[in-house]
Amino acid sequence: MELICPAGTLPALKAAIDNGADAVYLGFRGASNARNFPGLNFSEDEARKGRDYAHAAGAKVLVALNTNPSPLQWEGACRASDAAVELGADAVIVADLGLLRYLSRRHPQQRLHLSVQGSATNFEAIDFYARHFGVQRVVLPRVLSLAQVKNILKRVKVEIEVFGFGSLCVMVEGRCQLSSYVTGESPNLSGVCSPAKAVRWEEDATSRRSRLNGVLIDVYRQGEPAGYPTLCKGRFAVQGCTDTTSEECAGTAEVADKPFYALEEPTSLSTLDILPQLYEAGVAAIKVEGRQRSPAYVAQITRVLRAAIDECLKNPSGFTPRHEWIAALDRMAEGSTHTLGAYNRPWQ
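Residues numbered from 1 in each chain as written. Predicted model: local features only at pLDDT ≥ 70, side-chain atom pairs only at ≥ 80, totals over all residues. Heavy atoms only, no water.

Undergrad: Any chance you could break down helix H11 (residues 323-332) for me, citing the residues and the numbers?
TA: For the α-helix, the turn length of 3.6 residues means that residues three or four positions removed from each other point alike. Within the span of H11, buried status applies to Trp 325, Ala 328, Leu 329 and Asp 330. Of the surrounding elements, those touching the buried residues of H11 are strand S7 (159-167), strand S13 (268-270), helix H10 (295-314) and strand S15 (338-339). (Buried < 20%, exposed > 50% of the residue type's maximum accessible area, 1.4 Å probe, protein only. Helix = DSSP H or I, 4+ residues; strand = E, 2+ residues; numbered from the N terminus. Contact = heavy atoms within 4.5 Å.)

Undergrad: Please give an account of the packing of aromatic side chains that cites residues and values.
TA: Here the structure, examined in full by the defined rule, presents 7 aromatic pairs. Relative to Tyr 102, the ring of Trp 74 lies with its centre 6.3 Å away and its plane at 85°, an arrangement referred to as edge-to-face. Here the residue Trp 74 occupies a position in helix H3 (residues 74-87), and Tyr 102 occupies one in helix H4 (residues 97-106), the gap between them amounting to 28 residues. The exposure class assigned to Tyr 102 is buried, which follows from its relative accessible area of 18%. Considering the side-chain rings of Trp 201 and Tyr 220, the 6.4 Å spacing of their centres and the 35° angle between planes classify their relative orientation as tilted. (Phe/Tyr/Trp six-rings, centres within 6.5 Å; stacked < 30°, edge-to-face > 60°.)

Undergrad: Give me the packing of helix H1 (residues 10-18) against H10: which residues, what numbers.
TA: With their axes 8 Å apart at the nearest point, H1 and H10 run at an angle of 15° to one another. By the angle class used here, H1 and H10 are roughly parallel. The element H1 and its partner H10 pack so that their crossing is right-handed. Facing Pro 11, Ala 12, Ala 15 and Ala 16 of H1, the residues of H10 in contact are Pro 295, Val 298, Ala 299 and Thr 302. (Axes fitted to C-alpha atoms, helices over the stretch in contact; angles between N-to-C directions. Parallel < 35°, antiparallel > 145°, perpendicular 65-115°, else oblique. Left-handed = near helix turned anticlockwise from the far one by under 90°.)

Spelled out as structure tokens, the structure:
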């Protein structure tokens, strides 16, 4: 069971490799990848340096081309695909059907992975990608329960990769439309749900405010940690929910006069508790979200998960997460807390 770690920059790539990642995934600069932030991602020269560093350590390099190019972006997406192949990528992670067709025909020898942005949530969809494009691994969206993941693994012939740690999103990957209502840009086309050009910070003596394209996302007290502003994790005053005894307003006692996390509270996914079940079900790889994160973040998460996976593989039936692992991951988590998310549906 491989450990796949994020590399938004060359220092982050080196941090992942130095701390035990089996593979890193990176993207080129521009809208061809879903972490299209200023200051992140790789030029072709930097990607070659990262490839050499990883391969010298026996690790793999995966290139993410995980947005859906518009007609005007098509030629650029094809050039990025060719560059990934010329780089010698151990796999290319692709979301778009047209780009999968292009790569499978122009570069039939290239190993292809289906991105989580491809949003394949059942075995028939996975089989479609395998039959038509030769996809050898599929990254599952973070909306499936553990029981559903196990059922898929019983019915497919390709490798399955799942997210093991990182930020969660209320949307199904590959189908997010929420942020485009505020920014006018689709994350599946432009590569980022909250473009840096739309983000504004305002500060005074008592508070800090974050805005996305002029829309107030959150207000933080002095000293309160402030996250990067995304619409789904903002705090809002919800109109119409003053009768907190009604079914639709249940649990929102404070909303009449106090903003709260109306869509999703900041938290991070952590699968430490279910590593043995994922391994025994046949999961090929555990993926860490976070190409926008710092090298220090990548190093810490990689170090903890490397130790946890190694211990799990030695003795799956006797595996118990160590307290220090949980504490270390929680320190790096959004909201300083973690969840199993959709994996935990014991009623299924």
